[in-house]
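Coordinates in review
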Amino acid sequence: MEGVESSQDASSVAPAPTLPPGFTTINDVKSFSREEADSGKLFVNIIGFVKDFRVPRQTSRDWKCTIELKDASLQYGESHGVQFSFFAAQEAMLPAAISSSDVVLIRRAKLQFRGVPELCSHWTTTVFVIPASEIPRDLSEASRAPWQTYSPADKAKGLRPNAVETGYVILANRNIGDLELPAPTEFDEKRVRSANTREKFAVLKDVKEARFYDILGEVVRVYDNQSDRMDSVALYLTDYTANGHFYNYDGDDQELENPGGDEFGYVINNRPKRKEPWPGPPGKLTIQLTVYDHHAVIVREKVKVGDWVFIRNVRINYGKNRGLLEGFLHGAAFGHFANKLQVEIMQNSEDRSLMDPRWKEALERKNLLRKRRGKGSLGNADDDASLGNKRKRKEEDVKKNNKERRREARAAASKKALEKEEKLARKRNLNEHIRCPYPDQPTVTIADILKPKMIMKNANGQEVPAPFTLCNYRSNVRVVDYFPNKLEDFAVGHRATDLDMLSDYSGAEDTDLEEERRIFKSGRGFAKDAWEWRFALQVEDAEKPDIKKRIWLMVDNHAAQALLNLEEDATSLRGNKELLSKLREQLFKLWGDLEERKTSKLRSEKKADILASSMASIASSPPSSRYAGDQPDADDSDMDSVQSQERSTRLRHERESSIKEKDTNMQMTVNQAATGKSLVEGDSTNALRNRPFTCCIKQYGVKVEEKDQSKADAGGGLRWQRMFGIFGTQIM
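Residues numbered from 1 in each chain as written. Predicted model: local features only at pLDDT ≥ 70, side-chain atom pairs only at ≥ 80, totals over all residues. Heavy atoms only, no water.

1. With respect to the nonpolar core
- If you look at the biggest cluster of nonpolar residues, it comprises 37 residues, and the most contacted ones within it are F490, W533, F535, L583, W591 and I697.
- Going through the elements one at a time, α9 (446–450), β19 (471–483), β22 (535–541), β23 (551–555), α11 (557–564), α12 (577–591), β24 (693–705) and β25 (718–727) are the ones with two or more residues in this core.
- No other element matches the 6 residues that α12 contributes to this core.
- V29, C65, V82 and I98 belong to the second-largest nonpolar core, a separate cluster that totals 30 residues. (Core = buried A, V, L, I, M, F, W, Y, C linked by side-chain atoms within 4.5 Å. Buried < 20%, exposed > 50% of the residue type's maximum accessible area, 1.4 Å probe, protein only. Helix = DSSP H or I, 4+ residues; strand = E, 2+ residues; numbered from the N terminus.)

So this is what it looks like as structure tokens:
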């Protein structure tokens, strides 16, 4: 989803200081990919302010505390920073009393991927902390800053922060209010709760009913239980420890039940049992773990037999069929685990010191079991012929590697979803010229999209509707209006400058002129215009049309490039008639004859306005001093002046309209899009001739001016305004 930019007055906020050499912003850390993290060779230096702190607690072999940090590189409104897991052999080697807004400087933090990029300590890591109350106020005091030093090894003591690094902290601290850090009371409450949180990791022999655990094990069998009613994948996991409440696999051909249904027994498994060789270790060493929602999608695509996986927040319960312990992992809609991937595939590292000690212990148990019983007694778990898949592969499939099979499976699933979407489109008479991604996601009505989410609470603890939510939808809609009124204004231009790379720079006529003079004096000639697509579409629900429940969809440059599907980039449509013609042709596929009807209506209204204005002018104007046949004096320019003034006014309004449309955060455009005011409102004939289509809609929020302070929920005389935009949709 898109972030919301801060609308604070730049004059009241000190400029963001430059990050010291050798350091990485937290936003860049969060942008690293899984491949970069899995290499095990990526270390970074960061500086951040403390948002959250979990006190040190003992793990299986050492002690660990967790610090969440934020800095000015994060977009305004982004609630989460980056987590740093600090490991040490003794509790005394870790910070014990970190508070909100304290500054932490870390040298050589190792990048890891736990669903999202995170950082952890290495034996070469050094951590420096300075309490918020002791941060110097003046740059002249930088050399006397009271930094506290922590390190997992004495030989890893890094360089103490120098004057440049401390100076950065002093300057960044002046804008700390922009980071939205928790208040001290809220921070202390969470810190106390973290001290009472037990260690969630457990080996399988220790898991018990009705509890949540983090578990690590080897996948010995995978069963895909995808169906119309339930999308899940069953993993059979072992860490080579025995639990008396697990199923007893004796190593021979097992009458295996196809896993299915759900944890609560609402969906019944009616698939027949079948016999096949058990691929895992014999005995009560394996647990069946069923994953749902987005976890099932990831497991289906990336996890295979023989992988070692670390899975967080697994609920252990007795299964409905045999009264044996099983594991369940559901996707979370809210809270700490919302949309977070809890399944991590363990990756080998060239540096053995970086290996997770819990994984090493499990491998040692596996090796010991092999030595005791012989390699064959483990069921030849590494043999591809006994992986226990849903059905045996054909001989030619065995020759293909896993990547090819997964690619073919994804292509087949995509083809099946596309065929299903095309069948549904024909049934509902949807526009076959429009393509929308994510065909496996259900469509929702505009009425459901407009329903506010009750995810906030007021001072009295009562639930109140949120001003907006960051959500994506698929919906069947029909275009009923568009803005600007002329297609020639669907592309807007401005003078290109290097400041365009700044997210908070929108440009202005004065600054454009100054920049043009600067470029010309530098010998590079005149600055060139930069053009981008920018327009809006008003849509209504295709299945349940309601004039009161129409929404405006903002179409920015990126979304327009996908939607219009034109080879050419945006440019002046008044100067490029060929591109204007192509644009009109593409949009005709989207909205039919809507442009013709709207243009005709606007002309009728304009003629009526001109006639009314002329009649009023005649009735109120003094009688003319000229007589019939008289010619105006050569220097009499009254009529020319009036006509020139009218023409200038019209051009100024058109330019202002174009500029405002270019910046969707401006008051006029935001209010118009939010209120759904339509120029064709009440004239349903424009919509009836358009064929509906499926499109992807995103909801987000922007800040607008608000004179009523009781409604200024965004602070500083601003309030949040809910907005909608289009994305991923394409005209073929």
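2. Some remarks on the pairing of β23
- Most of β23 sits inside the fold, with 5 of its 5 residues counted as buried.
- In the sheet, β22 pairs with β23 via 5 bridges, with the strands oriented antiparallel. Bridge pairing links Q538 to W552 in β23. (Pairing = 2+ DSSP bridges.)

3. Points about helix α6 (residues 357–373)
- For α6, with 17 residues, the first-to-last C-alpha span of 25 Å sits near the 24 Å given by 1.5 Å per residue.
- Among the residues of α6, those classed as buried are R358, W359, A362, K366, L369 and R370. The arc enclosing the buried residues of α6, seen along the axis, measures out at 120 degrees, which places them on a common side. Structural note: α6 exposes K371 and R372 on the side pointing more than 90 degrees away from its buried face.
- Looking at the buried residues of α6, the elements they touch are β8 (211–224) and β13 (308–318). (Expected span 1.5 Å × (residues − 1). Arc of directions from axis to C-beta. Contact = heavy atoms within 4.5 Å.)

4. Some thoughts on the state of the cysteines
- One pass over the structure, following the stated rule, counts 0 disulfides.
- Looking at C695, it has no disulfide partner, and the nearest cysteine sulfur is the one in C436, 6.4 Å off.
- Taking relative accessible area as the criterion, C695 reaches 0% and is therefore assigned buried. (Disulfide = S-S within 2.5 Å.)

5. Considerations on the pattern of salt bridges
- Here the structure, examined in full by the defined rule, presents 21 salt bridges.
- With a closest N to O distance of 4.0 Å, E68 and K51 form a salt bridge. With a gap of 17 residues between them, E68 in strand β2 (residues 63–70) and K51 in strand β1 (residues 43–58) connect regions that are remote in the sequence.
- The partner of D489 in a salt bridge is R574, and the shortest N-O contact between them spans 2.8 Å. Of this pair, D489 sits in the loop between β19 and β20 (491–495) while R574 sits in the loop between α11 and α12, and the two are 85 residues apart along the sequence.
- Overall, D489 belongs to the buried group, its relative accessible area being 17%.
- Using a relative accessible area of 41% as the deciding quantity, one classes R574 as partly exposed.
- The network of salt bridges with shared partners includes R478, E540 and R550. (Salt bridge = Lys/Arg side-chain N within 4 Å of Asp/Glu carboxyl O.)

6. Some points on the packing of aromatic side chains
- Evaluated as defined, the whole model comprises 12 aromatic pairs.
- An angle of 40 degrees between the planes, with centres 6.3 Å apart, marks the rings of Y240 and W308 as tilted. With Y240 in the loop between β9 (232–238) and β10 (253–256) and W308 in strand β13, this pair connects stretches of sequence that are 68 residues apart. As far as the burial class goes, Y240 and W308 line up, both buried.
- Judged by centre distance (6.5 Å) and plane angle (85 degrees), the ring pair of F490 and W591 falls under edge-to-face. Pair noted here: F490 is in the loop between β19 and β20 and W591 is in helix α12, with a separation of 101 residues, a long-range link. The pair F490 / W591 is uniform in exposure class, with both members buried.
- Among the aromatic residues, those joined into a cluster by ring pairs are Y236, Y247, Y249 and W278.
- The ring centre of F43 lies 4.2 Å from the NZ or CZ of R108, which sits over that ring. (Phe/Tyr/Trp six-rings, centres within 6.5 Å; stacked < 30°, edge-to-face > 60°. Lys NZ or Arg CZ within 6 Å of the ring centre and 35° of its normal.)

7. Here we look at the side chain of T66
- Take T66: it is sitting in strand β2.
- Once residues lying within four places of it in the same chain are set aside, the contact partners of T66 are D52, F53, R54, Q83, F84 and S85.

8. Structural notes on the pairing of β2
- Taken across its 8 residues, β2 has 8 buried, putting it largely inside the fold.
- Going residue by residue along β2, you find W63, C65, I67 and L69 tucked away on one face and K64, T66, E68 and K70 tucked away on the opposite face as well.
- Relative to β2, β1 is paired through 7 bridges, and the arrangement is antiparallel. Bridge pairing in β2 places V50 opposite L69.

9. A closer look at helix α5 (residues 293–302)
- Of the residues making up α5, those classed as buried are H295, A296 and V299. Looking straight down α5, one finds its buried side chains confined to an arc of 100 degrees; they lie on one side.
- Where α5 is buried, its residues contact β9, β12 (286–292), β14 (325–329) and β15 (343–345).

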